[in-house]
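Understanding the architecture of this molecule
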Amino acid sequence: VQLQASGGGSVQTGDSLRLSCAGSGRTFSRYPMGWFRQAPEKEREFVASISSSGGSTVYSDSVKGRFTISRDNAKNTMYLQMNSLKPEDTAVYYCAARNAEFGAATKSVTDFGSWGPGTQVTVSS
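The text that follows walks through the structure, step by step, so that each part is easy to find. (Residues numbered from 1 in each chain as written. Predicted model: local features only at pLDDT ≥ 70, side-chain atom pairs only at ≥ 80, totals over all residues. Heavy atoms only, no water.)

The strand order across the open sheet built from four strands is β1-β3-β8-β7, with neighbouring strands paired in antiparallel fashion. The open sheet has two edge strands, β1 (2-6) and β7 (67-72), and neither has a second partner. Put simply, the sheet's adjacent strands are angled 15° from each other on average, direction ignored. (Pairing = 2+ DSSP bridges. Helix = DSSP H or I, 4+ residues; strand = E, 2+ residues; numbered from the N terminus. Axes fitted to C-alpha atoms, helices over the stretch in contact; angles between N-to-C directions.)

Tracing the backbone through its elements, the reader meets Ile-50 in strand β5 (residues 45-50). The residues contacting Ile-50, other than those within four sequence positions of it, are Pro-32, Met-33, Ser-56, Thr-57, Ile-69, Ser-70, Arg-71, Met-78 and Ala-105. (Contact = heavy atoms within 4.5 Å.)

Topologically, Arg-66 is positioned in the loop between β6 (57-59) and β7. A polar contact of 2.8 Å, which involves the side chain of Arg-66, links it to the side chain of Asp-89. Filtering out sequence-adjacent residues up to four positions away, Arg-66 remains in contact with Gln-81, Met-82, Asn-83, Ser-84, Leu-85, Lys-86 and Asp-89. (Polar contact = N/O pair within 3.5 Å; in protein donor to acceptor, adjacent residues only side chain to side chain.)

The next point concerns the nonpolar core. Membership of the largest hydrophobic core comes to 28 residues, with the highest contact counts inside it found for Trp-35, Met-78, Leu-80, Met-82 and Tyr-93. Of all the secondary-structure elements, those providing two or more residues to this core are β1, β3 (17-24), β4 (33-38), β5, β7, β8 (77-82), β9 (91-98) and β11 (119-124). If you tally residues by element for this core, the top one is β9, at four residues. (Core = buried A, V, L, I, M, F, W, Y, C linked by side-chain atoms within 4.5 Å. Buried < 20%, exposed > 50% of the residue type's maximum accessible area, 1.4 Å probe, protein only.)

The next subject is the packing of aromatic side chains. According to the stated counting rule, one finds four aromatic pairs in the structure shown. Ring geometry for Phe-36 versus Phe-46: centroids 5.7 Å apart, planes at 70°, classification edge-to-face. Placement of the pair is Phe-36 in strand β4 and Phe-46 in strand β5, with a sequence separation of 10 residues. The exposure class of Phe-46 is buried, given its relative accessible area of 11%. Judged by centre distance (5.0 Å) and plane angle (75°), the ring pair of Phe-36 and Phe-112 falls under edge-to-face. Of this pair, Phe-36 sits in strand β4 while Phe-112 sits in strand β10 (residues 112-115), and the two are 76 residues apart along the sequence. (Phe/Tyr/Trp six-rings, centres within 6.5 Å; stacked < 30°, edge-to-face > 60°.)

Further remarks concern the side chain of Ser-51. Relative to the helices and strands, Ser-51 is located in the loop between β5 and β6. Exposure remark for Ser-51: the relative accessible area of 8% places this residue in the buried category. Within the structure, the side chain of Ser-51 is placed 3.3 Å from the backbone nitrogen of Gly-55, a separation counted as a polar contact. With sequence-adjacent residues up to four places away left out, Ser-51 is seen in contact with Pro-32, Ser-56, Arg-71, Gly-103 and Ala-105.

Keep in mind that these numbers describe shape and distance, not what the molecule does.
Given below as C-alpha cells:
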C-alpha cells in the first residue's frame, strides 16, 4: 500500500490540526496503521496506531488524551486529530502501514514496513 500524509502546518500553542493519510490500493483496510514523528536530531518516535478495523487504538503517553487516531476504510484514509498542541509536538509526521495484515495496533517502528512522505507540523509558543 502506498501512503501520502497531508494536513501539517504552522500553528500556535493550544491550537488543533488534523492530519490525513491517504492510501492507495484495495488492501488498505487489511492493514493496521500508525503515526510516527521525528523532530530534528531525534529518532523517529511512535505517536499512535490503529487496528485494521479501527476497533483498537494505542497511543504514546506524550499524546494520550490530546490526539485521536481514526480511519475510514471506505475512503482508504487514516486521520490524526491533534488538539492542545505544544511546541514539543513540532516534528515531521509520518504515516505507515504494518507489515502484517489484520495484525494488532502496535508501537514498534520495526512492525511497520510501508511509509509515506512526512508532513511538517510546527507549533510555536
